[in-house]
Every structure is written in structure tokens, then in C-alpha cells.
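# Structural characterization, general
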Amino acid sequence: MKILIPVLTFHNTGGSRVLSKLANELVLLGNDVEFLCPDGSAIPYFPTIAKISWIDKNGDLFQNNTHVGAGDKFFSIQKKLSRALAKIPLASYDAIFANHSLTIKSI
């Protein structure tokens, strides 16, 4: 199966850990799993073997993020994800995980 997991960011929170572990297990079961994340996010705190596609301000996808950790405002993240999802042929995925992976982050 080809699975897409759009995320707002990769943090050191429980939601990100769960998604990374889920993606890893799905890959190990033979699935093609891809994260879709805005380019202002940090790299995944919890390692993943899933593919990561980063999104720039135009909603274009790329594999190597040179803006890692630059930070984004919420509306910028939302705009990037909306633009990217409008450009991606969603029918090419068997499943797209809707999630809300935000959890309390300890300082």
C-alpha cells in the first residue's frame, strides 16, 4: 500500500513519536509510507525509515530540506500543506492519514 501522512511538524512530542513508530512498522510490513512536512520543521526527533517529502512556500515537494528548523507560523504551515495537497495526485495513494499529532511539549 502507498500511504501519505501529512504532518504540521516533527517535534519531540508523543504524537510525533507515535506517527514515526507507526510509519516504521508499516514500512517493515512492506508498505510505501511518506511523510509530508513543511520545510520550516525540524528534522524528525524520533527516527523514521519512511520517506519524507518537504513542502516549500509554493506547495512544491522536495527531498532535501535546506530550511530545516527555520520555523513557521501556523497559517504559513496550513497554506503550505493546502497548496501541496492540491498539487499531489491524491488518487495515487491507497491511504492518507488524517492526524492531529500535537501534544504538550515539555520545556
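Worth saying up front: this structure is predicted, and the values here are computed from it rather than measured. (Residues numbered from 1 in each chain as written. Predicted model: local features only at pLDDT ≥ 70, side-chain atom pairs only at ≥ 80, totals over all residues. Heavy atoms only, no water.)

## What to know about the pattern of salt bridges
According to the stated counting rule, one finds two salt bridges in the structure shown. The closest approach of N and O atoms between Lys 80 and Asp 39, which form a salt bridge, is 2.4 Å. Highlighted residues: Lys 80 in helix α2 (residues 74-87) and Asp 39 in the loop between β2 (32-38) and β3 (51-55), separated in sequence by 41 residues. Look at Asp 39 and you get buried, because its relative accessible area is 7%. Two residues, Asp 60 and Lys 87, come together in a salt bridge whose shortest N-O distance is 2.6 Å. A residue pair is termed long-range when its members are at least 10 positions apart, and Asp 60 in the loop between β3 and β4 (61-62) and Lys 87 in helix α2 qualify at 27 residues. Assessed through its relative accessible area of 33%, Asp 60 is described here as partly exposed. By relative accessible area, Lys 87 is classed as partly exposed at 48%. (Salt bridge = Lys/Arg side-chain N within 4 Å of Asp/Glu carboxyl O. Helix = DSSP H or I, 4+ residues; strand = E, 2+ residues; numbered from the N terminus. Buried < 20%, exposed > 50% of the residue type's maximum accessible area, 1.4 Å probe, protein only.)

## Some words on the packing of aromatic side chains
Applying the stated criterion across every chain yields a total of three aromatic pairs. With 5.3 Å between their ring centres and 75° between their planes, Phe 10 and Phe 35 make a pair best called edge-to-face. Taken together, the positions of Phe 10 in the loop between β1 (2-6) and α1 (14-28) and Phe 35 in strand β2 put the pair 25 residues apart, joining distant regions of the chain. Each member of the pair Phe 10 and Phe 35 is classed as buried. A ring pair is formed by Phe 10 and Trp 54, whose centres lie 6.1 Å apart and whose planes are at 75°; its orientation type is edge-to-face. Highlighted residues: Phe 10 in the loop between β1 and α1 and Trp 54 in strand β3, separated in sequence by 44 residues. Both residues of the pair, Phe 10 and Trp 54, count as buried. A connected cluster of aromatic rings, assembled from ring pairs, spans Phe 10, Phe 35 and Trp 54. The lysine or arginine in question, Lys 2, covers the ring of Tyr 93, its NZ or CZ lying 4.8 Å from the ring centre. (Phe/Tyr/Trp six-rings, centres within 6.5 Å; stacked < 30°, edge-to-face > 60°. Lys NZ or Arg CZ within 6 Å of the ring centre and 35° of its normal.)

## Thoughts on the pairing of β2
Most of β2 is tucked away, with six of its seven residues classed as buried. Pairing geometry for β1 and β2, over five bridges, is parallel. Directly across from Leu 4, in β2, lies its bridge partner Glu 34. Taken together, the five bridges between β2 and β3 define a ladder with parallel strand orientation. Looking at the pairing, Leu 36 lines up with Ser 53 of β3. (Pairing = 2+ DSSP bridges.)

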